[in-house]
Amino acid sequence: MGAYVRPRELRAALEVLAGRDCQVMAGGTDIFPARAHAAAWGAPREADWLDITGIEGLRGISREEGGWRIGAATSWAALRDAGLPRGFDALREAARQVGGRQVQARATIGGNLCNASPAADGVPPLMMLDAEMELASLRGTRRLRLEEFILGNRRTARATDELLVAIHVPEAMAQSPSVFLKLGSRAHLVISIVMVAANAAGRVAVGSCSEVARLLDERGLAPIDDVRATAGYRHLAAAELVARARERLAA
Ligand SMILES: Cc1cc2nc3c(=O)[nH]c(=O)nc-3n(C[C@H](O)[C@H](O)[C@H](O)COP(=O)(O)OP(=O)(O)OC[C@H]3O[C@@H](n4cnc5c(N)ncnc54)[C@H](O)[C@@H]3O)c2cc1C
């Protein structure tokens, strides 16, 4: 294993990232299974570890001018239990369904987004909420819409010296009632085949059907075939979940 550092300050973390090849680690629930998998195939050289869970400013949910700020290292359990307005209902429901209680206690929203799995449950609700990602490095900070941040399967626009520090949600979206529906091969502890997040403002995001979740008002769906389901099944299932989500919102 490489060196392990756990700074308390953001600046110290950014200095570490600027100076060497480092693997950022939050809850570790994506990294460690991936590491075990790599080890089984003869793991390549290991980078050093930068554990960001000691940086208090990366945790928690707060109001800010024009909306809400979610620290990147906020756990799913904190999101699940926070008393947030109805616009966050879809995100709260996703939080309730990510893994089991142990995973929810440990895993973070930022890790889910930076891992950029096509089946990441955090992506459709935050896309629906028109969320922006705040990235920081010693060079400064920048903000990207979620659609600009996730580029493909496990690919993001994050540079190697950047940390995702927060997710910003505009107030207008935070107030619009929302729902989240997830279809898997069973009810719990499952990777999604299709998921849908929709709100009363008419925004609908569909995940697990393409490399990156999509807003339906921007582009049509072009579902993928994989071991979990065929493209044809996904097409039908997505249409059904969107219809159910709209029915719930109407009710
Ligand atoms: C049993 C089990 C069940 C699961 N069920 C689900 C599920 O139902 N739905 C689902 O979507 N996921 C699921 N997951 C996957 C995982 O739990 C989530 O994706 C989780 O949110 C990852 O967060 P983490 O903090 O553990 O990320 P980590 O594993 O710590 O990191 C993931 C990636 O993000 C990077 N990273 C983390 N934080 C930052 C940051 N702030 N800035 C820059 N890079 C960062 C890391 O370098 C790494 O590449 C499951 C995992 C397990 C083990």
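Up top you'll find the structure we're talking about.
Residues numbered from 1 in each chain as written. Predicted model: local features only at pLDDT ≥ 70, side-chain atom pairs only at ≥ 80, totals over all residues. Heavy atoms only, no water.

A. Geometry of helix 1 (residues 10-19). For helix 1, the full list of buried residues reads Ala13, Leu14, Val16 and Leu17. Viewed end-on, helix 1 has its buried residues packed into an arc of 155 degrees, placing them on one side of the element. Facing away from the buried side of helix 1, by more than 90 degrees, are the exposed residues Arg11 and Gly19. Turning to helix 1, the residues buried within the fold contact strand 1 (4-5), strand 2 (22-25), strand 3 (48-51), strand 6 (132-137) and strand 10 (163-170). (Buried < 20%, exposed > 50% of the residue type's maximum accessible area, 1.4 Å probe, protein only. Helix = DSSP H or I, 4+ residues; strand = E, 2+ residues; numbered from the N terminus. Arc of directions from axis to C-beta. Contact = heavy atoms within 4.5 Å.)

B. Just the sheet that holds strand 12 (residues 194-199), in detail. The strand order 11-12-13-14 describes an open sheet built from four strands, whose pairing is antiparallel. A single partner strand is all that each edge strand has here, and the edge strands are strand 11 (178-183) and strand 14 (214-215). One ladder, built from six bridges, connects strand 11 with strand 12; its direction is antiparallel. Looking at strand 12, one finds that Val179 is bridged to Ala198. Strand contacts of helix 4 (residues 89-97): strand 11 and strand 12, with the helix running at about 30 degrees to strand 11, the strand carrying the most contacts. (Pairing = 2+ DSSP bridges. Axes fitted to C-alpha atoms, helices over the stretch in contact; angles between N-to-C directions.)

C. Broad picture of the site of the ligand. The local shell around the ligand holds 30 residues, among which Val24, Gly27, Thr29, Asp30 and Thr108 are the closest. Contact distances for the ligand include 2.6 Å between an oxygen atom and a side-chain N or O atom of Asp30. One of the side-chain N or O atoms of Asn112 is found 2.9 Å from an oxygen atom in the ligand. Going through the elements one at a time, strand 2, helix 6 (109-115) and strand 10 are the ones with two or more residues in the shell around the ligand. The leading source of residues in the shell around the ligand is helix 6, at four residues. (Near = heavy atom within 4 Å. Polar contact = N/O pair within 3.5 Å; in protein donor to acceptor, adjacent residues only side chain to side chain.)

D. The environment of Met128, seen in detail. In this structure, Met128 sits in helix 7 (residues 123-128). Met128 sits 41 residues away from Gly87 along the chain, and the two C-alpha atoms are 9.5 Å apart. If near-sequence neighbours (up to four positions away) are discounted, Met128 is found in contact with Gly87, Ala90, Met173, Ser178, Ala197, Ala198, Asn199, Arg203, Ala205 and Leu215.

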